[in-house]
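# Geometric and topological summary
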Amino acid sequence: MRKSLLCLVALGLVVLGATPALAHVTVDPSSAASGASDVTLRFRVPNEEDNSTTSKVELFLPTDHPIAGVAVEAAPGWTVTTETTKLAKAIHTDDGDITDVVSKVTWDGGSIGAGQFAEFTIEAGALPDDTSSLVFKAVQTYANGDVVRWIDVPTSSGAEPEHPAPTLKLTTTPASSTKSNANKKRADIALGLGLVAVIISAVATGIAVSGRRG
């Protein structure tokens, strides 16, 4: 019985290790087609402090490779404000030139508790086609005054910085394929968490049975 329990615990650790870490602010999907239209981007913000809640999230959109036509999804419990920047060079579209773009979105007044995360969603009307990636710097403020700046850009060495900024890779992959990959990723995460729950339940049951036998 003890060997079986140890095997179950080990399997649980493997599954946990296989699921993506939730310690950083991330963007989902992690990649999209260059120049794609009407792309939904979800920014996952975890609360990393045990004794405080996250009360404000600021997201900075790139202006060197601007996104045209940004819309922000309402987030229950949060007040949403946006700021715009006037472009030095207008974006030419079939509907006319775009001279101002959303450069910052702020979600304020809500709460992300310890051990929890929240997702904040924007829709990009049109992604740029003149770059291979978009960096979204974010600033997370806690109710106790602590501030975490997710603004570090990955280095050429490939080493992950301490506070990496959410980065969206732009590829030539069709948007439909990108969406399918994102859905598959979410399904894999859900499956992994489900397996962990089953393993924990099995371990608990085994311990209870062993206790009764002892």
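Definitions and cut-offs
- Residues numbered from 1 in each chain as written.
- Predicted model: local features only at pLDDT ≥ 70, side-chain atom pairs only at ≥ 80, totals over all residues.
- Heavy atoms only, no water.
- Helix = DSSP H or I, 4+ residues; strand = E, 2+ residues; numbered from the N terminus.
- Buried < 20%, exposed > 50% of the residue type's maximum accessible area, 1.4 Å probe, protein only.
- Contact = heavy atoms within 4.5 Å.
- Pairing = 2+ DSSP bridges.
- Axes fitted to C-alpha atoms, helices over the stretch in contact; angles between N-to-C directions.
- Core = buried A, V, L, I, M, F, W, Y, C linked by side-chain atoms within 4.5 Å.
- pLDDT = per-residue confidence, 0-100.
- Salt bridge = Lys/Arg side-chain N within 4 Å of Asp/Glu carboxyl O.

### A closer look at the side chain of Ser-103
Looking at where Ser-103 falls in the secondary structure, it is placed in strand β7 (residues 96-112). The exposure class assigned to Ser-103 is buried, which follows from its relative accessible area of 11%. Non-local contacts of Ser-103, meaning those with residues more than four positions away in its chain, are made with Leu-59, Phe-60, Leu-61, Thr-63, Glu-83, Thr-84 and Thr-85.

### Considering unusual backbone geometry
Pro-29 follows Asp-28 through a cis peptide bond whose omega is 0°. Even without being a glycine, Asp-38 presents a positive backbone phi close to 50°. Locating Asp-38 in the fold gives a position in strand β3 (residues 37-46).

### As for the pairing of β7
Bridge analysis of strand β4 (residues 54-60) against β7 gives six bridges, and the strand direction is antiparallel. Each residue of the ladder has a partner; that of Leu-59, found in β7, is Val-105.

### A word on the sheet that holds β3
Strands sit in the order β1-β3-β8-β5 across an open sheet of four strands; the sheet is antiparallel. Only two strands of the sheet have a single partner each, and these edge strands are β1 (26-28) and β5 (68-72). Neighbouring strand axes in the sheet, compared pairwise and without regard to direction, differ in orientation by 30° on average. Sheet analysis places β3 next to strand β8 (residues 117-126), joined by nine bridges and oriented antiparallel. Bridge pairing in β8 links Arg-44 to Glu-119.

### What about the nonpolar core?
With 33 residues, the main nonpolar core has Leu-41, Leu-61, Trp-107, Phe-120, Leu-127, Phe-136 and Leu-168 as its most contacted residues. Those elements that provide at least two residues to this core are β2 (31-33), β3, β4, β7, β8, β10 (137-142), β11 (147-150) and β12 (167-171). Aside from chain neighbours lying at most four places away, what touches Phe-136 is Leu-41, Phe-43, Leu-59, Phe-60, Leu-61, Pro-62, Ile-67, Trp-150, Ala-165, Pro-166 and Leu-168.

### A look at the confidence of the model for the protein
Looking at the protein, the pLDDT average stands at 82 and 70% of residues meet or exceed 70. Segment residues 4-21: pLDDT under 50, and 18 contacts once partners within four positions in sequence are set aside and those in other chains are kept.

### Quick look at the sheet that holds strand β6 (residues 79-93)
The sheet built from five strands is open, its strands ordered β6-β7-β4-β10-β11 with antiparallel pairing. Taken across any chain shown, the strands that pair with only one partner, and hence form the sheet edges, are β6 and β11. If you compare each strand with its neighbour and ignore which way they point, the axes differ by 15° on average. Summarising the sheet, β4 and β10 pair through six bridges and their orientation is antiparallel. Bridged to Glu-58 within β10 is Val-139.

### Focus on the environment of Thr-63
Mapping Thr-63 onto the fold places it in the loop between β4 and β5. In this structure, the C-alpha to C-alpha distance between Thr-63 and Ala-88, residues 25 residues apart in sequence, is 9.7 Å. When neighbours within four sequence positions are excluded, Thr-63 is seen to be in contact with Thr-85, Leu-87 and Ser-103.

### Things to note about the pattern of salt bridges
For the structure on display, the rule yields three salt bridges. With a shortest N-O distance of 3.1 Å, Glu-119 and Arg-44 are connected by a salt bridge. Of the two residues, Glu-119 sits in strand β8 while Arg-44 sits in strand β3, which places them 75 residues apart along the sequence. Arg-44 sits in the buried class, given a relative accessible area of 19%. In this structure, Glu-83 engages Lys-104 in a salt bridge whose closest nitrogen and oxygen atoms are separated by 3.9 Å. Residue Glu-83 is located in strand β6, and its partner Lys-104 is located in strand β7; the two are separated by 21 residues in the primary sequence. Accessibility expressed as a relative area gives 14% for Lys-104, which makes it buried. Each of the salt bridges in this network shares a partner with another, and the network as a whole consists of Glu-58, Glu-83 and Lys-104.

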